[in-house]
Amino acid sequence: MSDLPDEFPCRLLTWDYVDRLARELAHEVRGSYDPDAVVAVARGGLVPARIVCDSLGVDDLISLKVEHYVGTGAASDGPSVRYPLSDGAVAGKDLLVVDDIADTGRTFGHTVDYLEGVDGGPAGVRTGALQLLPDSEADLDFVATHPDEFAWMVYPWNFLEDMCDLVPRLMTLADGKRFSEDELCRLFYEYHGVDRVHFEVIQGGRLGEALAELERRGVVEPTGRDRPDAPEWQLA
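Fair warning: this is a prediction, and the values are worked out from it, not measured in the lab.

Caption draft 1: Quick look at the confidence of the model for the protein. When pLDDT is averaged along the protein, the result is 91; 92% of the residues meet or exceed 70. Between residues 70-75, whose pLDDT stays under 50, and residues either more than four places distant or in other chains, the model counts 5 contacts.

Caption draft 2: Spatial organisation of the sheet that holds strand β7 (residues 124-132). On the basis of which strands lie adjacent, the open sheet formed by 5 strands has the order β3-β2-β6-β7-β8 and parallel pairing. Single-partner strands in this sheet number two, and they are β3 (60-64) and β8 (142-145). Taken over all neighbouring pairs, the strand axes of this sheet differ in orientation by 20° on average, direction set aside. As defined by bridge partners, strand β6 (residues 94-102) adjoins β7 across 8 bridges and the pair is classed as parallel. Note on β7: the bridge partner recorded for D94 is G124. Of the strands in this sheet, β2 (37-41), β3, β6 and β7 are in contact with helix α3 (residues 106-117), which crosses β6 at around 160°.

Caption draft 3: Looking closely at the packing of helix α1 (residues 15-29) against helix α2 (residues 46-56). One way to put it is that α1 packs onto α2 with a least axis distance of 9 Å and a crossing angle of 50°. Judged by the angle between their axes, α1 and α2 are oblique. Here the hand of the crossing between α1 and α2 comes out right-handed. Counted together, W15, D19, A22, R23, L25, A26 and V29 of α1 and V47, P48, I51, V52, S55 and L56 of α2 form the full contact between these two elements.

Caption draft 4: Representation of the sheet that holds strand β10 (residues 179-180) in the model. Read across the open sheet, the 3 strands follow the order β10-β12-β11; overall the sheet is antiparallel. The sheet is open, and its two edges are formed by β10 and β11 (220-222), each paired on a single side. Bridge count for β11 against strand β12 (residues 232-235) is 3 bridges, and the pairing is antiparallel. Bridging from a neighbouring strand, V220 pairs with L235 of β12. Contacting β11 and β12, helix α7 (residues 206-216) runs over the sheet at an angle of about 105° to β11.

Caption draft 5: Molecular detail of the nonpolar core. Ranked by internal contacts, the top residues of the largest apolar core, which has 26 residues, are L12, M163, V167, M171, L184, F188 and F199. At the level of elements, β1 (10-12), α4 (159-174), α5 (181-192), α6 (196-203) and α7 are the ones that each hand at least two residues to this core. If you tally residues by element for this core, the top one is α4, at 7 residues. The residues touching F188, leaving out its near neighbours within four places in the chain, are M163, L166, V167, L170, G193, V194, F199 and L207. By size, the runner-up hydrophobic cluster in this structure holds 24 residues, among which are L21, V29, C53 and L130.

Quick notes on the rules
- Residues numbered from 1 in each chain as written.
- Predicted model: local features only at pLDDT ≥ 70, side-chain atom pairs only at ≥ 80, totals over all residues.
- Heavy atoms only, no water.
- pLDDT = per-residue confidence, 0-100.
- Contact = heavy atoms within 4.5 Å.
- Pairing = 2+ DSSP bridges.
- Helix = DSSP H or I, 4+ residues; strand = E, 2+ residues; numbered from the N terminus.
- Axes fitted to C-alpha atoms, helices over the stretch in contact; angles between N-to-C directions.
- Parallel < 35°, antiparallel > 145°, perpendicular 65-115°, else oblique.
- Left-handed = near helix turned anticlockwise from the far one by under 90°.
- Core = buried A, V, L, I, M, F, W, Y, C linked by side-chain atoms within 4.5 Å.
- Buried < 20%, exposed > 50% of the residue type's maximum accessible area, 1.4 Å probe, protein only.

Here it is in structure tokens:
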């Protein structure tokens, strides 16, 4: 998120919505490609890939984790696959690579290059995503939906991870001393266009869960000056 401006839109996505997108992706594939195995790009592609498998009747689900960094903000010499496939694991198979979203397209490109370079390579490799962002350079075979504008998509399986990035970022930008959940909701609306109703309907009560996790990680701490019914937090 370090490359993003202070203000940018966020979208909280529901389980029902992403389930529908995964089934729409499978519908795009059906009739034009018959994969022997689905390759989930971990971690974002794991849930969509499983739904696609179910929709297409594919039993073989493979997971690959492509890493671009060796530490926080420290780029490696090149992308690497954390758990390489054994030789012959995809030999002669038609593969469908699935991820939740395509932004720069680099992850898809590196995944396809890796699969095609495995000893005893696949018969074919095609790619699909739930969402293709407007400025993406990815050239995908199948896409469920094309958002009209850039937004940071908060998938339900990624909610806490994203909140643990966004909440301290908002606290720093606001330059305040103490933050209640109400104040954080106001900041989410001001900086990201997400209002409290969306939090309550889509991820009810989970902003407090994110704050508790941030406290466990030593990122935030209670101020000790709050009321029991309205706790306040500050950066540790």
